[in-house]
Amino acid sequence: QVRLVSDSGIFTAHCDYPMIETVEVGSPARAAGLGAGDTILAYNGKDVVAQAVNYPQLLMPGKVVRIRVRREGKMRDVPVTVSGRAPDRADFG
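Right, let's walk through the structure included here. (Residues numbered from 1 in each chain as written. Predicted model: local features only at pLDDT ≥ 70, side-chain atom pairs only at ≥ 80, totals over all residues. Heavy atoms only, no water.)

Our next topic: the pairing of strand S5 (residues 64–71). The pairing of strand S3 (residues 39–43) with S5 spans four bridges and is classified as antiparallel. Residue pairing across strands places Tyr 43 opposite Ile 67, the latter belonging to S5. Relative to strand S6 (residues 74–81), S5 is paired through eight bridges, and the arrangement is antiparallel. Looking at S6, one finds that Val 69 is bridged to Arg 76. Hairpin connection of S5 to S6: two residues between the antiparallel strands, including Glu 72 at a positive phi of 50°. (Pairing = 2+ DSSP bridges. Helix = DSSP H or I, 4+ residues; strand = E, 2+ residues; numbered from the N terminus.)

Following this line, the structure appears as structure tokens:
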């Protein structure tokens, strides 16, 4: 992944589709059904490899983000409601 800084924000460009390593118990991601081993393909219908992602803008508390994942060869869209950020946890958990 590459981090890009511009006047319109901080963006992350992915060279490959990221795989979820762990999901915290009690997190919005866990509540939505995301799990370790899921591969993230898109956020809100936008391919994560085809374009850079502005995570600070995407992960606004209260916002619903539709995450397309691949699990065991099958695709599915998972709506996740972003929560406020805990001190040592990503917004998806």
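That shown, we press on.
All right, on to the nonpolar core then. Membership of the largest hydrophobic core comes to 17 residues, with the highest contact counts inside it found for Leu 34, Ile 40, Tyr 43, Leu 58 and Ile 67. In terms of residues, this core owes the most to one element, S5, which gives three residues. If we skip the residues at most four places from it in the chain, Leu 58 touches Tyr 43, Asn 44, Val 53, Lys 63, Val 65 and Val 82. (Core = buried A, V, L, I, M, F, W, Y, C linked by side-chain atoms within 4.5 Å. Buried < 20%, exposed > 50% of the residue type's maximum accessible area, 1.4 Å probe, protein only. Contact = heavy atoms within 4.5 Å.)

By the secondary structure assignment, Met 75 is in strand S6. Given the relative accessible area of 52%, Met 75 is considered exposed. Sequence spacing of Met 75 and Asp 38 is 37 residues, and the spatial spacing of their C-alpha atoms is 9.7 Å. Excluding residues that lie within four positions of it along the chain, Met 75 makes contacts with Leu 41, Val 69 and Arg 70.

Spatially, four strands are ordered S4-S3-S5-S6 in an open sheet, and the strand pairing comes out antiparallel. Since the sheet does not close on itself, it has two edges, and those belong to strand S4 (46–47) and S6, each with one partner.

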